[in-house]
Amino acid sequence: MAANDPKLRKVELSHLEWQQVDILFTTLLPAKIFTKKLQYEQLTLTDFYGAWIACRIETESLNNTFSNKLVQCLRSRELNIMNNQVLLTAIFLDPRFNITLTEYQYILEDFLKQKENDNQCSSISSSTSSQQNSQNSLSTKMETLLKTYKLDEKRLSHKTNILEYWKTMKTKYPEIYQLAQIVFFVPATQMQYNTCTPRRPITS
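Residues numbered from 1 in each chain as written. Predicted model: local features only at pLDDT ≥ 70, side-chain atom pairs only at ≥ 80, totals over all residues. Heavy atoms only, no water.

### Some points on the overall build of the protein
Line of reasoning, step 1. Tallying secondary structure elements over the protein gives 10 helices and 0 strands in all.
Line of reasoning, step 2. Of the regular secondary structure in the protein, the N- to C-terminal order runs α-α-α-α-α-α-α-α-α-α.
Line of reasoning, step 3. Counting the 204 residues in the protein, one finds 31% classified as buried.
Line of reasoning, step 4. Across the protein, the fraction of contacts at a sequence separation of at least 24, relative to all contacts at a separation of at least 6, is 61%. (Helix = DSSP H or I, 4+ residues; strand = E, 2+ residues; numbered from the N terminus. Buried < 20%, exposed > 50% of the residue type's maximum accessible area, 1.4 Å probe, protein only. Contact = heavy atoms within 4.5 Å.)

### Details of the nonpolar core
Line of reasoning, step 1. Phe 48, Leu 93, Trp 166 and Phe 184 are the most contacted members of the largest nonpolar core, which totals 34 residues.
Line of reasoning, step 2. Listed by contribution, the elements that provide at least two residues to this core are α3 (45–62), α4 (65–81), α5 (85–92), α8 (162–168) and α9 (174–183).
Line of reasoning, step 3. Contact partners of Phe 48, with chain neighbours within four places excluded, come to Phe 34, Leu 38, Leu 43, Ile 81 and Ala 188. (Core = buried A, V, L, I, M, F, W, Y, C linked by side-chain atoms within 4.5 Å.)

### Digging into the side chain of Thr 44
Line of reasoning, step 1. Tracing the sequence through the fold places Thr 44 in the loop between α2 (15–37) and α3.
Line of reasoning, step 2. Looking at Thr 44, the relative accessible area reads 1%, which means it is buried.
Line of reasoning, step 3. Reaching out from Thr 44, the side chain makes a polar contact with the side chain of Asp 47 at a distance of 3.0 Å. (Polar contact = N/O pair within 3.5 Å; in protein donor to acceptor, adjacent residues only side chain to side chain.)

### Description of α4
Line of reasoning, step 1. Helix length check: α4 (17 residues) gives 25 Å between terminal C-alpha atoms against 24 Å at 1.5 Å per residue, within 8%.
Line of reasoning, step 2. Taken together, the buried positions of α4 are Ser 67, Val 71, Leu 74, Glu 78 and Ile 81. Along the axis of α4, the buried positions cluster into a sector of 75°, meaning they face one direction only. Away from its buried face by more than 90 degrees, α4 exposes Thr 65, Lys 69, Gln 72, Cys 73 and Leu 79.
Line of reasoning, step 3. N-cap assignment for α4: the residue whose side-chain oxygen lies 3.0 Å from the backbone N of Phe 66 is Asn 64. (Expected span 1.5 Å × (residues − 1). Arc of directions from axis to C-beta.)

### A word on the environment of Phe 66
Line of reasoning, step 1. Here Phe 66 lies in helix α4.
Line of reasoning, step 2. Since its relative accessible area comes to 32%, Phe 66 is described here as partly exposed.
Line of reasoning, step 3. Sequence separation between Phe 66 and Leu 24 is 42 residues, and the spatial gap between their C-alpha atoms is 7.5 Å.
Line of reasoning, step 4. Ignoring sequence-local partners within four residues, the contact set of Phe 66 consists of Leu 24, Thr 27 and Leu 28.

### Examining the pattern of salt bridges
Any two side chains of opposite charge can pair if their charged atoms end up close together.
Line of reasoning, step 1. Overall, the coordinates contain 5 salt bridges when judged by the stated rule.
Line of reasoning, step 2. For Asp 94, the salt bridge identified is with Arg 96, shortest N-O distance 2.7 Å.
Line of reasoning, step 3. Classification of Asp 94 by relative accessible area gives buried; the value is 0%.
Line of reasoning, step 4. For Arg 96, a relative accessible area of 4% corresponds to the buried category.
Line of reasoning, step 5. Between Glu 164 and Lys 167 there is a salt bridge, with its nearest N and O atoms 3.3 Å apart. Residue Glu 164 and its partner Lys 167 are both found in helix α8; the two are separated by 3 residues, about one turn of the helix.
Line of reasoning, step 6. Looking at Lys 167, the relative accessible area reads 31%, which means it is partly exposed.
Line of reasoning, step 7. Overlapping salt bridges bring together Asp 47, Asp 94 and Arg 96 as one network. (Salt bridge = Lys/Arg side-chain N within 4 Å of Asp/Glu carboxyl O.)

### Quick word on α5
Line of reasoning, step 1. Most of α5 sits out of view: 6 of its 8 residues are buried.
Line of reasoning, step 2. The set of residues buried in α5 consists of Leu 87, Leu 88, Thr 89, Ala 90, Ile 91 and Phe 92.
Line of reasoning, step 3. The N-capping residue of α5, defined by a side-chain oxygen 3.0 Å from the backbone nitrogen of Val 86, is Asn 84.

### Focus: the side chain of Thr 27
Line of reasoning, step 1. Residue position: Thr 27 is located in helix α2.
Line of reasoning, step 2. At 2.7 Å, the side chain of Thr 27 forms a polar contact with the backbone oxygen of Ile 23.
Line of reasoning, step 3. Here the side chain of Thr 27 touches Asn 64 through a polar contact of 3.1 Å, side chain to side chain.
Line of reasoning, step 4. If we skip the residues at most four places from it in the chain, Thr 27 touches Thr 59, Leu 62, Asn 64, Phe 66, Ser 67 and Leu 70.

Structural data, given as structure tokens:
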């Protein structure tokens, strides 16, 4: 098709229209990078969370009309995402991101209390009194371990591999390590659940 073809001139964009296209491209670039990260085979829940936060921050920094509307949508969706108790537990166990739990901490605490109550009810219905006391003792021990972990562990770089990190914590926090084995192997995306081969447990 020649440059002076009438059909080509019909779809010719003005300078302003090209500027708008450029704004759209720039604004959607963080989302494109985010969706690429979702295809990683070893994506954990907190890897997803970190990629989501990065996408929102980068989009917000563009500060144009389109990006501002997109950020509003991201924040609205984030409220729903942060109601996921498994994700909150994963964030709690991830020193890269658990500093962000401040405003959502009560949700995690309620979750842990509910799990403790469930364990107690199960113990009452199916165990002897001594077994119940043992279960209560275990719950108290786990709660103490979680509090100690939260106080002792410093924030890690966001580039840290959380699976490798928990390998090194196996001896220091053996009980929490077992919990991490479960939490960090929950598929972060539906695509990962459907197409990726199951990840192996965290082993040394």
